[in-house]
Amino acid sequence: MATMKSVQTVPAKPDTIDVVEIERPVPGPRDALMRIRACGICGTDTFFVHMGGTPYAADGAIASLPLGHEPAGEIVEVGAEVTDLKAGDRVVVNPQGAPSGIIGCGGELGGMRDYLLIEDVVVGKSVAVFPDDVPFEVAALNEPMAVARHCVNRSEATPEDRVVIFGAGPIGLGATIWLKLRGVKHVVVADVLPGRLETALAVGADAVIDSATEDVIARLTELHGEAVNSLGQPRAGTDIYIDAAGVPAVFNAVIDAAKWKAKMVMVAVQKKSDAIDLGGMLRSELTLIASQGYPTEIFEVTAELASHQDRFANLISHRVPFTDVDRAFELARTPGAAEKVVVTFDGER
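Quick notes on the rules
Residues numbered from 1 in each chain as written. Predicted model: local features only at pLDDT ≥ 70, side-chain atom pairs only at ≥ 80, totals over all residues. Heavy atoms only, no water. Helix = DSSP H or I, 4+ residues; strand = E, 2+ residues; numbered from the N terminus. Rg over C-alpha atoms; globule rule 2.2 N^0.38 Å. Areas by Shrake-Rupley, 256 points an atom, 1.4 Å probe, with all protein chains shown as cover. Lys, Arg positive; Asp, Glu negative; His and termini not counted. Charge placed at Lys NZ, Arg CZ, Asp CG, Glu CD. Buried < 20%, exposed > 50% of the residue type's maximum accessible area, 1.4 Å probe, protein only. Core = buried A, V, L, I, M, F, W, Y, C linked by side-chain atoms within 4.5 Å. Contact = heavy atoms within 4.5 Å. Phe/Tyr/Trp six-rings, centres within 6.5 Å; stacked < 30°, edge-to-face > 60°. Lys NZ or Arg CZ within 6 Å of the ring centre and 35° of its normal. Salt bridge = Lys/Arg side-chain N within 4 Å of Asp/Glu carboxyl O. Pairing = 2+ DSSP bridges. Axes fitted to C-alpha atoms, helices over the stretch in contact; angles between N-to-C directions.

Student: Give me the lowdown on the overall build of the protein, citing residues and values where you can.
Tutor: For the protein, the count of helices and strands is 10 helices and 17 strands. Taken against the 2.2 N^0.38 rule, which gives 20 Å for 349 residues, the C-alpha radius of gyration of the protein at 21 Å falls within 12% of a compact globule. Overall size of the protein, expressed as C-alpha extent along the three principal axes, is 70 × 45 × 35 Å. On the protein, roughly 14800 Å² of surface is accessible, and the fraction owed to carbon and sulfur atoms is 52%. Across the protein, 31 positive and 48 negative side-chain charges occur, with their mean positions spaced 3 Å apart.

Student: A description of unusual backbone geometry should follow, citing residues and the corresponding values.
Tutor: A positive phi angle is found at lysine 261, which is not glycine, with a value near 70°. Considering the arrangement of structural elements, one finds lysine 261 in the loop between α7 (248-257) and β14 (263-266). Under the relative-accessibility criterion, lysine 261 is labelled exposed at 52%. The backbone of glutamate 285 sits at a positive phi, close to 50°, despite the residue not being glycine.

Student: An account of the nonpolar core is needed here, citing residue identities and associated values.
Tutor: Residues Ile165, Leu179, Val189 and Ile242 are the most contacted members of the largest nonpolar core, which totals 50 residues. Only α2 (136-139), α3 (142-155), β8 (162-166), α4 (170-181), β9 (186-191), α5 (194-202), β13 (240-243) and α8 (302-307) provide two or more residues apiece to this core. Not counting residues up to four positions away in its chain, the partners in contact with isoleucine 165 are Gly172, Ala175, Thr176, Leu179, Val187, Val188, Val189, Ala190, Ile242 and Ala244. Val93, Ala98, Leu116 and Val127 belong to the second largest nonpolar core, which has 34 residues in total.

Student: Before we move on, can you summarise the packing of aromatic side chains with the specific residues and values?
Tutor: One pass over the structure, following the stated rule, counts 4 aromatic pairs. Ring centres of tryptophan 178 and phenylalanine 312 lie 5.1 Å apart, and the angle between their planes is 50°; this geometry places the pair in the tilted category. Of this pair, tryptophan 178 sits in helix α4 while phenylalanine 312 is found in helix α9 (residues 309-313), placing the two residues 134 residues apart along the sequence. Across the pair, exposure class does not vary: tryptophan 178 and phenylalanine 312 are buried alike. When the ring centre of phenylalanine 136 is taken as origin, the NZ or CZ atom of arginine 90, which lies over that ring, is 4.0 Å away. Lying over the aromatic face of tryptophan 178, arginine 149 brings its terminal NZ or CZ to 4.5 Å of the ring centre.

Student: How would you summarise the pattern of salt bridges if you had to cite specific residues and measurements?
Tutor: What the rule picks out here adds up to 19 salt bridges. Residue glutamate 70 is joined to lysine 340 by a salt bridge in which the shortest nitrogen-to-oxygen separation is 2.8 Å. In this pair, glutamate 70 sits in the loop between α1 (43-51) and β4 (71-78) while lysine 340 sits in the loop between α10 (325-333) and β17 (341-344), placing the two residues 270 residues apart along the sequence. What emerges from the salt-bridge pattern is a single network uniting Asp15, Glu330 and Arg333.

Student: Give me the sheet that holds β13: which residues, what numbers.
Tutor: Taking strand neighbours across the sheet as the criterion, the 6 strands line up as β10-β9-β8-β13-β14-β15 in an open arrangement whose pairing is parallel. Since the sheet does not close on itself, it has two edges, and those belong to β10 (207-210) and β15 (287-290), each with one partner. Neighbour-to-neighbour, the strand axes of this sheet turn through a mean angle of 20°, independent of strand direction. Alignment of β9 against β10, held across 4 bridges, turns out to be parallel. Within β10, the residue paired with aspartate 191 across the bridge is aspartate 210. Sitting on the sheet, helix α6 (residues 216-224) touches β8, β9, β10 and β13, and the angle it makes with β10 is about 165°.

Dropping the structure here:
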C-alpha cells in the first residue's frame, strides 16, 4: 500500500498540527490525482488549528480536520473517463467543488498533503489549468485572490471612485491589485504594520496610512477631499471603504468618516461586538455590503493571476518547505510575523 503525508489538527492538543501517514488515494474512473506542489496557509487554517479541529459537528464535538484549501500542483493520474485533463497539467483547485465537502474546511480531504484526490473532476468546475511559466507558489494564491476579487466585484467600484482598504493582509492587498487593474483612480491602504504598507505600495496602492500613528480621517480628507454626510457635517470624500481587517475600530472609523451615500464592503470576518456604532450609519446612509467567498470568481481570476504573476508574488512573505511545516504554521499563527506563508513541496515523491 502506497502512503503519503497529510497535515491535520489535533483535538486533544489545540494550537498544534500533526503530520500523519495515510494511504495514498487511487483515482476512480471520473477522478484525478494531483501532486501538491504548493499550498497557502489561511487565517481559517490557523483558526482550526487553534480550536483543535472543526467545532461544527452536529453534537458540538471538536473533530480532527485535514488542513489546506489553497493548493496548486500537477496532475499525475486521471481516471478512464476523464478526457479534459492529462498527466503533467498544472492545476489549481476549487475547494468548494469537492463532493465530499469543502477541501480543508470541514470536508474529508485537505490540500496540505502530498497528493489530493480530485473527485468527479471537471475542468472549469473543480480545477483550472494554469500556464507552465507560473510558479506553483504564486498559483496557490488563486483561492484567496478569488475572495479578494469577489469583494471588489461586490463594491462595484468604478474608475472614478476613491477607495480605502483597511488591512494589508493577502485579501486587502489582493483587493488593491484588482481595484487598480479595474482602473480605479485612487486606492489607499491602511494598516498598523509598516512592512505591510510597503508591500501595499509595491503592488500599486496610491497612498498608505499608518493607522497606528496617523489620524485616519484627516489623512483620508487630505487624500480624497472633503464632503459631507446626510446632516451636512464635514466628512472625507472617500466613496468606498473595504474592511479586510475585521476589528470593531475599523467599523467605527468608517462611520465617523463616511460621507453621504458612501459604501462599506465587509470581507473580513467580524466577531460579535457591542462596540460597533450601527446607529451612526444613519448620519451618512452608509451602505453595508457583505462579501463571502467566491460564488463565481474562483477560476475567473486564474488567467489574470498568471498575466500579472510578478505583482501577485509580492504578497508572499515566506516560502517554507513541507519538511518544515510546523514552522510554517507557527509563522502564520504569530501576529505580525508573516504576511502570506506558502508551503512548498518538492516534485520527487
